[in-house]
Amino acid sequence: MRNRRISTATALAVLFSSVALTGLGSTAAHADGHAVLPVASVADVVVDSVHQRVFVSDRTGGKVVATDYSGNVVGTLGSLPEADGLELSADSRTLYVAVAGSDEIAAIDTADLTESARYSTGSADAPTTLARTGGKLWFGYGTAANGNIGSLDLSGPEPVLAVAQDSANRWYYAPRLASNPAAPGVLAAGVPGLSPSAVATYDVSGPDAPRLMAQDQAGSNLRDLAVTPDGRQVVTASGAPYEHQVLSTTDLKKVGSYPTDAYPNAVDIAADGTVAAGIDGSYEPDVYIFKPGTTQPLRKYDFADTGSGTLVPDGLAWEPDGNHLFAVTGSGSTYRLNTLNAPTKAATTVTLSAPATVVPGKSLTVTGKVSGGDALPAGTSLTVTRTDAQSPSGKALAPVTTGEDGTFSFTDTPSVEGDAKYAVSYAGDASHAPGSATRTVAVTRSATTVTVSAPATATRAKSLTVTGKVANADALPAGTALTVKRTDLESPSGKALASVKTKADGTFSFTDTPSAGGDVKYAVSYAGDASRAAGSGSDTVAVSRTATTLSLNNNGKVYSYGKDVTFTAHLGTTYKNRTVEIWANPYGSDKPDVLVKKATVNSSGNVSAVVDMKRDTTVTAVFAGDARTAPKSVKATAYAEVSVSTSLAKYYKTGKVSANSSTYYWYRKDAGPLFTTTMSYYSGRHHRLDLDVYVQGQWHRGYEEFFELGTDGKSVIDLGSSDEAGLRVRVRSAYINDSSGDNVNSTTYSSWKYIYFTN
């Protein structure tokens, strides 16, 4: 992922929220086109201007891919293991490929994209780079510590191979070679990837070719080099220094530089000497275009906007006439071919300024400026189009001409609402690239606001007065008609009232006598006209209604678990509505409020509903009200006991211990009674065990403790044995509201169970 600074256009967009908005044209900061390449790596790029094709070698994939100038793949040449350097013949009929994996140079017919020949490099292992000059095809070859230069002479009836052409063995790796068709006697070489990087130049024009002209160093980590058309200079791209150095071919002394930025990695030179200098930059422009010998770039290109990644080493290739430059970028395993059109022409910037909004039928003025490179002559013609709802495909307006300083202006009167986009374009010339800019104006009628003021409260069937005002930047004429609508319980969809007219200051007023009570809304609307937008406003009055009575029985009563209880609501006198709703809301968050019944009351004003009382329940009777009667609701809370039963086990008989006693469960004193409680279950519920002892004719509390119920609502407790015979005990189970772990039922006690211990 590449991190990029915010673009100028993005920064300026923040300013365009003001009334006058400015549009920037293209600054040629990104590629004119880009396409994904079907390759796994990129080794070299060359351009065939005769067939208008771009060739890219894929060393990892063992192939060469051919595309058109738009990046569309037109052919793929496979079976080229470790395909590396590329070079075209003088007539562009043949593409030569260094096939490092098979120690060969392949010849490709550029017309039909078929392989026409292969030439073995003999003992020259792993040829990697190619250069055509001096009537021969030169190649750099060799593995680590065995780099050298070879040549292939294809001018005769049979190819002539020569290897180890540099007898000094000065190359650790296979050297990268460079030449220029306009300088047929010069060959440049440099060793890639080392610090410092060795470079050398050779004269290959004579019978003793190659004859060393100079040897020196060219910074660190050389990635690319190129020879100028006059053969007098070599331009290098090394990781350091952070510039593209210019070296004399005769002695390799530095004679200049092209200022770029960190990590130069590519360079190519057009036929007219224009230099394309590229860097591996994460935050800076990727490609810089220089006229020969200058230090200020004519153009800069940044691929951040395309998401293409960074420029690959040796990733630049000119079309010979300089009309197109191709740059290959990579991001992860994805590579793209970027097309840069007319890169030798100065970028043209067109700026536009226009109002943010305008009223239909009103004139507006658009201003702007054309700049870039040498100033355009006064009177330069620019084309103008307007695109809007009336002309969705665009309508040509009268051309506009520039002043001496490049500024221009024109007026227009858009007639339809919506966005009107103005486009101003300059066609370009021999030294200026085309440029254009657009600016969109919101064509909209002026806003209308309607304020309405009514009393907060009013009495039904009594007159009330509503006032208000209509406001617009373009004031409405006196007598403008407004529509009025009243919405109430008798007219829920609204009822049109008599229209009202504005006064000179836009105010208005009217009276009304509401026949229905409750919320009464008065809405006032203006329909709008050609230049003013529609508008509306409203206000609501709380109109009085007569109170009625509503009652509900059974409040505060306690019922046994599961009892069906009838709740009866009684409604007093109303205007029209006689419907009552009865809602039941059982205690506990797991039970919702449920509508039990909704019905019309009988002739006595009553309506009843049955509620199954398994929990404490709040029952609510609701009367919604009507046009003249106010709403009413009333609540009653009724309570439900739990279902609880108990049992004893392990006794040997039952019976009375005296004539007037209750029935007892008889236990041997060494036997522990098992006491079982069964209670209606609720999550987290506990029951309380109460145990009393009979002493001196009275019952005394001996034990009291809470025990958790199982999910089946049961609890079994071993009460333990007694140390003495004749002991009388009674036990019961209880649900205690709030103390038993919840509050959804009312406190409930089971009956006592009596126990008598004997020998």
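Residues numbered from 1 in each chain as written. Predicted model: local features only at pLDDT ≥ 70, side-chain atom pairs only at ≥ 80, totals over all residues. Heavy atoms only, no water.

Asker: Any chance you could break down the overall build of the protein chain for me, citing the residues and the numbers?
Answerer: When helices and strands are tallied, the protein chain shows 1 helix and 63 strands. Its C-alpha radius of gyration of 49 Å places the protein chain more than 25% over the 27 Å reference for a compact globule of 759 residues. Taken over the C-alpha atoms alone, the protein chain extends approximately 145 × 100 × 45 Å along its principal axes. Contacts in the protein chain between residues far apart in sequence, at least 24 positions, make up 56% of those at least 6 positions apart. For the protein chain, the accessible area works out to roughly 33,900 Å², and carbon and sulfur atoms hold 48% of it. (Helix = DSSP H or I, 4+ residues; strand = E, 2+ residues; numbered from the N terminus. Rg over C-alpha atoms; globule rule 2.2 N^0.38 Å. Contact = heavy atoms within 4.5 Å. Areas by Shrake-Rupley, 256 points an atom, 1.4 Å probe, with all protein chains shown as cover.)

Asker: Mind laying out the sheet that holds strand β37 (residues 435-443), listing which residues take part and the relevant values?
Answerer: The 5 strands are arranged β31-β37-β36-β33-β34 in an open sheet whose pairing can be described as mixed. Strand pairing shows two members of the sheet lacking a second neighbour, β31 (357-358) and β34 (395-401), which therefore form its edges. In terms of strand pairing, strand β33 (residues 381-387) meets strand β36 (residues 418-426) through 5 bridges, oriented antiparallel. Bridge pairing links Thr-383 to Ser-425 in β36. (Pairing = 2+ DSSP bridges.)

Asker: Outline the pattern of salt bridges, listing residues and values.
Answerer: Enumeration according to the criterion identifies 27 salt bridges in this entry. The salt bridge involving Asp-84 is made with Arg-59; its shortest N-O contact spans 2.5 Å. A residue pair is termed long-range when its members are at least 10 positions apart, and Asp-84 in strand β7 (residues 83-88) and Arg-59 in the loop between β4 (53-58) and β5 (63-68) qualify at 25 residues. On the basis of relative accessible area, Asp-84 is assigned to the buried category, the value being 12%. (Salt bridge = Lys/Arg side-chain N within 4 Å of Asp/Glu carboxyl O. Buried < 20%, exposed > 50% of the residue type's maximum accessible area, 1.4 Å probe, protein only.)

Asker: Run through the environment of Thr-573, naming residues and quoting values.
Answerer: Along the chain, Thr-573 turns up in the loop between β48 (563-571) and β49 (579-586). Take Thr-573: its relative accessible area is 71%, and that puts it in the exposed class. On a C-alpha basis, the gap between Thr-573 and Thr-548 in space is 6.0 Å, while along the polypeptide they are 25 residues apart. Setting aside residues up to four positions removed in sequence, Thr-573 forms contacts with Thr-548, Arg-578 and Thr-629.

Asker: I'd like a description of the environment of Lys-653, backed by residues and values.
Answerer: With respect to the secondary-structure elements, Lys-653 resides in strand β55 (residues 653-656). Between the C-alpha atom of Lys-653 and that of Tyr-756, which follows or precedes it by 103 residues, the distance is 10.0 Å.

Asker: Can you tell me about unusual backbone geometry, naming the residues and giving the values?
Answerer: Here the residue pair Ala-209 and Pro-210 is connected by a cis peptide bond, since its omega of 0 degrees sits within 30 degrees of zero. Relative to the helices and strands, Pro-210 resides in the loop between β17 (198-203) and β18 (211-217). In this model, Ala-240 is joined to Pro-241 through a cis peptide bond whose omega is 0 degrees. Here Pro-241 lies in the loop between β20 (233-240) and β21 (243-248). One non-glycine residue, Glu-82, lies in the positive phi region at around 55 degrees. Position of Glu-82 among the secondary structure elements: in the loop between β6 (73-77) and β7. For Asn-554, which is not glycine, the phi torsion reads 70 degrees and is therefore positive.

Asker: Give a detailed account of the sheet that holds strand β23 (residues 264-269), specifying residues and quantitative values.
Answerer: Spatial ordering of the open sheet is given by β23-β24-β25-β26, a layout of 4 strands whose pairing is antiparallel. Both outer strands of the open sheet, β23 and β26 (299-301), are each paired with one neighbouring strand and no more. When strand polarity is set aside, the average angle formed by the axes of neighbouring strands in this sheet is 15 degrees. Relative to strand β25 (residues 287-290), strand β24 (residues 275-279) runs antiparallel, the two sharing 4 bridges. The residue bridging Val-275 from the neighbouring strand is Phe-290, located in β25. (Axes fitted to C-alpha atoms, helices over the stretch in contact; angles between N-to-C directions.)

Asker: Tell me about the nonpolar core, and name the residues and values.
Answerer: Leu-552, Phe-567, Ala-569, Val-580, Val-607 and Met-613 are the most contacted members of the largest nonpolar core, which totals 22 residues. If you list the elements that add at least two residues to this core, you get β46 (550-552), β48, β49, β51 (606-613), β52 (617-623) and β53 (632-640). What Ala-569 contacts, discounting residues up to four positions off in sequence, is Ser-551, Leu-552, Val-580, Ile-582, Gly-605, Asn-606, Val-607 and Ala-621. Listed in part, the 21 residues of the second largest apolar core include Ala-354, Leu-382, Leu-397 and Ala-420. (Core = buried A, V, L, I, M, F, W, Y, C linked by side-chain atoms within 4.5 Å.)

Asker: Tell me about the packing of aromatic side chains, residues and numbers included.
Answerer: Summed over all chains, the structure comprises 15 aromatic pairs. When the centroid spacing of 6.1 Å and the interplanar angle of 75 degrees are considered together, the rings of Tyr-651 and Tyr-667 count as edge-to-face. Within this pair, whereas Tyr-651 is found in the loop between β54 (644-649) and β55, its partner Tyr-667 is found in strand β56 (residues 663-668), the two being separated by 16 residues in sequence. Using a relative accessible area of 0% as the deciding quantity, one classes Tyr-667 as buried. One aromatic cluster is present, formed by Tyr-664, Trp-666, Tyr-694, Trp-699, Tyr-754 and Tyr-756 through successive ring pairs. A cation over a ring is seen here: Lys-653 above Trp-666, with NZ or CZ 4.2 Å from the ring centre. One residue, Arg-668, lies across the ring of Tyr-652, its end atom 3.9 Å from the ring centre. (Phe/Tyr/Trp six-rings, centres within 6.5 Å; stacked < 30°, edge-to-face > 60°. Lys NZ or Arg CZ within 6 Å of the ring centre and 35° of its normal.)

Asker: Before we move on, can you summarise the side chain of Thr-67 with the specific residues and values?
Answerer: Note on placement: Thr-67 falls in strand β5. When near neighbours in sequence (up to four residues on either side) are disregarded, Thr-67 contacts Leu-37, Gln-52, Arg-53, Val-54, Asn-72, Val-73, Val-74 and Leu-337.

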